[in-house]
Each structure stands twice: as C-alpha cells, then as structure tokens.
Amino acid sequence: MDEKDASQESAAEMEGFELGRPALVCRWRLADRALPLENRHLRALGRRALGGAPVSPQLVAWAKQHIEWTLSAGAAEHPDGVLMLIVDDRGRAAMTVGPYGPLKSRAVSFLAERALASTREAGLTGVAPETLWVVRGEGLVWGVGRQDQPSGAASLMCDLARTLGIAVERRAGLAEEALSGTIAFDEAFLVSDEHGIVPASNASGPRSERFAEGYAKLLEKARMR
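Since the structure is predicted, the reported quantities are computational estimates derived from the model, not experimental observations.

Focus: the nonpolar core
Within the largest apolar cluster, 23 residues are counted, with the highest numbers of intra-cluster contacts made by Trp133, Leu140, Met157, Phe189, Val191, Ile197 and Phe211. If you list the elements that add at least two residues to this core, you get β6 (130-136), β7 (139-142), α5 (152-163), β9 (187-192) and α7 (206-223). Ranked by residue count, the leading element in this core is α5, at six residues. When near neighbours in sequence (up to four residues on either side) are disregarded, Met157 contacts Trp133, Leu140, Phe189, Val191, Ile197 and Phe211. Counting residues in hydrophobic clusters, the runner-up holds 22 residues, among them Trp28, Leu30, Leu35 and Ala63.

Here it is in structure tokens:
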C-alpha cells in the first residue's frame, strides 16, 4: 500500500483501525484550538523521511487537510494541547489531540539530554524536533550540523535571529559538549515543536528570555484571533 492509499484509509477513520509500529511522531503545540506554526510544521514534515525515503507530498497534503478536521472536532477538550501526527512503518497515518504537559525540568543538562535524544531521532527521520541553542557573546550557537534541516520551531528561531541581526553558528555536537561541560556559553535554551522556546533555569538571560517572550506572544496572538 502506498502512502496515498494509506492516507485515504486513515481519512476514513474506520472503526478498529490500528496503527503499526510508529516510524514518525510529530508533536505540535496548539493555542486555543489553532496551530500557530502550521505552515512551518508542514514544510518541516516535507523534509522528513520514512524508512530512508522522503515523506511524500501526498502525506503532507493529507496532514494539511486533517489539521483543520482534527482541530475542529477533537481539540475542544484540549484547546491548548498538543496535536500529534503518527505515521507507522507501513506509511499509514493518524492524527489526534492530547493534553500539554510542561517539562519536568529546565536545567541545562535536562534540555541537552532532550536535544541529544532528538538528534538520534533525526538520524532516522531527517529532522530533530528539539534542538539546543546557546548564547555566546553577541552570537548564537545552534546544535545541528551544516546540512541538517530545521523543524518548524527551529525555522522560527532562525528567522527571529535573522530579523535581529544575530549571527547563528551551527555546531553538531553542542548537546554533548553542554553535558560534558566542554563548551563555555552565556545562556542556553531549548527550541521545541512541542514546548516552544524554553530558557534554561540555570543559564537564562536577556537574549533567551526575549526569544521566549516572542514565542509566547505568538501563542497569545493565536488565542486572540
């Protein structure tokens, strides 16, 4: 079964339909039953891979169509929750809404561990949904390699930095260096499709707080639409 047929099967929402082993899981933050970064998330979905092959345009189109359907029907209970897209190892997809749960910790080590796990995920899917960033002097260091593709939230962060004229350096081993203490930095924060921009509790500062405020304003704007 190809992804187009699989998408049609998912769209039918047949009783008893069950996904197989998840091969790709996307978790996107909602704000009052809206998906503020919808276009960014869909572009990032198109950059991902399933089983070594690029995600098909049909699957991206299916996701775009089902975002509206899912939010209108399923987000009433969790208007500020998380939209989840799950694709199994046969290319079959499903979408649902669940509650949002804040991070258990915001310490640099915890954020770096999450970013490291996300990097491993990117080794299979092509896109890391969470990345570590640090402030060093007047610039930013982003924990990805030169050829790595940004998630939806990371693309927003890149645009914020560009708008403010802040240089961004890519550094593939940033999370490991932060965990081992082998890199010096002024501030640290996580950029996540699910949690947004999260300043580290033990390494925050004016730059990271400004970025977090910008993301919070984006959510608030979605709630006031």
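Notes on the packing of aromatic side chains
Overall, the coordinates contain three aromatic pairs when judged by the stated rule. Pairing Trp133 with Phe189 gives two aromatic rings, centres 6.1 Å apart and planes at 15 degrees, and the pair type is stacked. Remark: Phe189 occurs in strand β9 and Trp133 occurs in strand β6; sequence separation between them is 56 residues. We classify Trp133 as buried; its relative accessible area is 0%. Judged by its relative accessible area of 0%, Phe189 falls in the buried class. With 5.7 Å between their ring centres and 45 degrees between their planes, Phe189 and Phe211 make a pair best called tilted. With Phe189 in strand β9 and Phe211 in helix α7, the pair connects residues that are 22 residues apart, well separated along the chain. The same class applies to Phe189 and to Phe211, which are both buried. Taken together, the ring pairs connect Trp133, Trp142, Phe189 and Phe211 into an aromatic cluster. Directly above the ring of Tyr100 sits Arg29, whose terminal nitrogen or CZ lies 3.7 Å from the centroid.

Brief notes about empty space enclosed by the protein
With the rule as written, the count across this model stands at two cavities of 30 Å³ or more. Considering only enclosed or pocket space, the largest cavity measures out at about 40 Å³ in volume. Considering the residues around the largest cavity, the lining is formed by Ala115, Thr119, Glu130, Thr131, Leu132, Gly143, Ala172 and Ala175. Those elements giving two or more residues to the lining of the largest cavity turn out to be α4 (108-125) and β6. Element by element, the count of residues in the lining of the largest cavity is highest for β6, at three residues. When its volume is computed, the second largest cavity comes out at roughly 30 Å³.

Some remarks on the pattern of salt bridges
Counting across every chain of the model gives 12 salt bridges. Its salt-bridge partner being Asp159, residue Arg40 comes within 2.9 Å of it at the nearest N-O pair. Here Asp159 lies in helix α5 and Arg40 lies in helix α2 (residues 38-47), a separation of 119 residues in the sequence. Arg40 sits in the buried class, given a relative accessible area of 18%.

What counts, and at which threshold
- Residues numbered from 1 in each chain as written.
- Predicted model: local features only at pLDDT ≥ 70, side-chain atom pairs only at ≥ 80, totals over all residues.
- Heavy atoms only, no water.
- Core = buried A, V, L, I, M, F, W, Y, C linked by side-chain atoms within 4.5 Å.
- Buried < 20%, exposed > 50% of the residue type's maximum accessible area, 1.4 Å probe, protein only.
- Helix = DSSP H or I, 4+ residues; strand = E, 2+ residues; numbered from the N terminus.
- Contact = heavy atoms within 4.5 Å.
- Phe/Tyr/Trp six-rings, centres within 6.5 Å; stacked < 30°, edge-to-face > 60°.
- Lys NZ or Arg CZ within 6 Å of the ring centre and 35° of its normal.
- 1 Å grid on protein atoms, 1.4 Å probe; cavity = no way out; pocket = protein on both sides within 12 Å on 5 of 7 lines; lining within 4 Å.
- Points joined across faces, edges and corners; volume = space filled by probe spheres on them.
- Salt bridge = Lys/Arg side-chain N within 4 Å of Asp/Glu carboxyl O.

By themselves these figures say nothing about function.
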